[in-house]
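Commentary on secondary and tertiary structure
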Amino acid sequence: MTGDEMTWKVREISEQNPFLCMQCGLCSASCTVRGVMDLLPRQVMRLIQLGNDKVLENRSIWMCTTCLTCTARCPRGIDIARVMEALRAINLRKGQDILAPEDISGELLAEIPQMALTSGFRKLSA
Ligand code: SF4
Ligand code: SF4
């Protein structure tokens, strides 16, 4: 997939227009997990606009909790959480597992709540 195809795919899956983004940075300032992101939401949006498929490899798309704060505050009405979801979907459709069952230790399995496991696999497994 070329960078341009990636941009159009994001647009198709998310039903959002990334080219409406004016790079104001309000989403980055509002993001509840910005401290653990390697690229802030504004930067994610810019890479999509530029058709730079490096955006698919960044950690931020997996760290996004879909809290919707950025979506609620974007002055251009972009649902950024859906854009993040689209980026995850593109990766997962390639069969890429971020969380694989064999990588979870027995000790962790004994401790972790079942709901956390279920939601983790739904979000992070192909
Ligand atoms: S808040 Fe909206 S317009 Fe501003 S940088 Fe984020 S996505 Fe772009
Ligand atoms: S939806 Fe994701 S990107 Fe937006 S503020 Fe919440 S964690 Fe950050």
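Here the structure is a predicted model, which is why all the values come from computation and not from measurement. (Residues numbered from 1 in each chain as written. Chains lettered and ligands numbered in written order. Predicted model: local features only at pLDDT ≥ 70, side-chain atom pairs only at ≥ 80, totals over all residues.)

1. Some points on the overall build of the protein
A count of helical and extended segments in the protein gives 8 helices and 0 strands. The linear arrangement of helices and strands in the protein, starting from the amino end, is α-α-α-α-α-α-α-α. The C-alpha atoms of the protein give a radius of gyration of 15 Å, which matches the 14 Å a tight globule of 126 residues would have. Taking the principal axes of its C-alpha atoms as reference, the protein extends roughly 45 × 30 × 20 Å. Taking all 126 residues of the protein together, the buried fraction comes to 23%. Once local pairs closer than 6 in sequence are excluded, the contacts in the protein between residues at least 24 apart make up 65%. (Helix = DSSP H or I, 4+ residues; strand = E, 2+ residues; numbered from the N terminus. Rg over C-alpha atoms; globule rule 2.2 N^0.38 Å. Buried ≥ 20, exposed ≤ 12 C-beta atoms within 10 Å, placed from the backbone. Contact = placed C-beta atoms within 7 Å.)

2. Some remarks on the site of ligand 1
Close to ligand 1 lie 15 residues; Cys21, Cys24, Leu26, Cys27 and Cys74 are nearest. For the shell around ligand 1, the leading source of residues is helix α3 (residues 41–50), giving 3 residues. The residue makeup of the shell around ligand 1, split by class, is 11 nonpolar, 2 polar and 2 charged. (Near = placed C-beta within 6 Å. Nonpolar A, V, L, I, M, F, W, Y, C, P; charged D, E, K, R; others polar.)

3. Remarks on the site of ligand 2
Surveying the vicinity of ligand 2 reveals 15 residues, the closest of which are Cys31, Cys64, Cys67, Cys70 and Ala81. The element best represented in the shell around ligand 2 is helix α6 (residues 80–93), accounting for 3 residues. Residue composition of the shell around ligand 2, grouped by class: 10 nonpolar, 5 polar and no charged.

4. Quick notes on the domain arrangement of the protein
Quoted interface sizes are often the accessible area lost when the parts come together. The domain boundaries assigned to the protein delineate domain 1 (3–94) and domain 2 (99–126). A separation of 25 Å is found between the C-alpha centroids of domain 1 and domain 2. (Domains from an automatic or database assignment.)

5. Considering unusual backbone geometry
For glutamine 23, which is not glycine, the phi torsion reads 60° and is therefore positive. With respect to the helices and strands, glutamine 23 occurs in the loop between α1 (3–14) and α2 (26–30).

6. Remarks on the nonpolar core
In terms of nonpolar packing, the biggest core is built from 22 residues, with Val10, Ile48, Cys70, Ile80, Val83, Met84 and Leu87 touching the most fellow members. Counting only elements with at least two residues in this core, the list comes to α1, α3 and α6. Residue contributions to this core peak at 7 residues, all from α6. Apart from residues no more than four positions distant in its own chain, methionine 84 is found in contact with Ile61 and Cys64. (Core = buried A, V, L, I, M, F, W, Y, C linked by C-beta atoms within 7 Å.)

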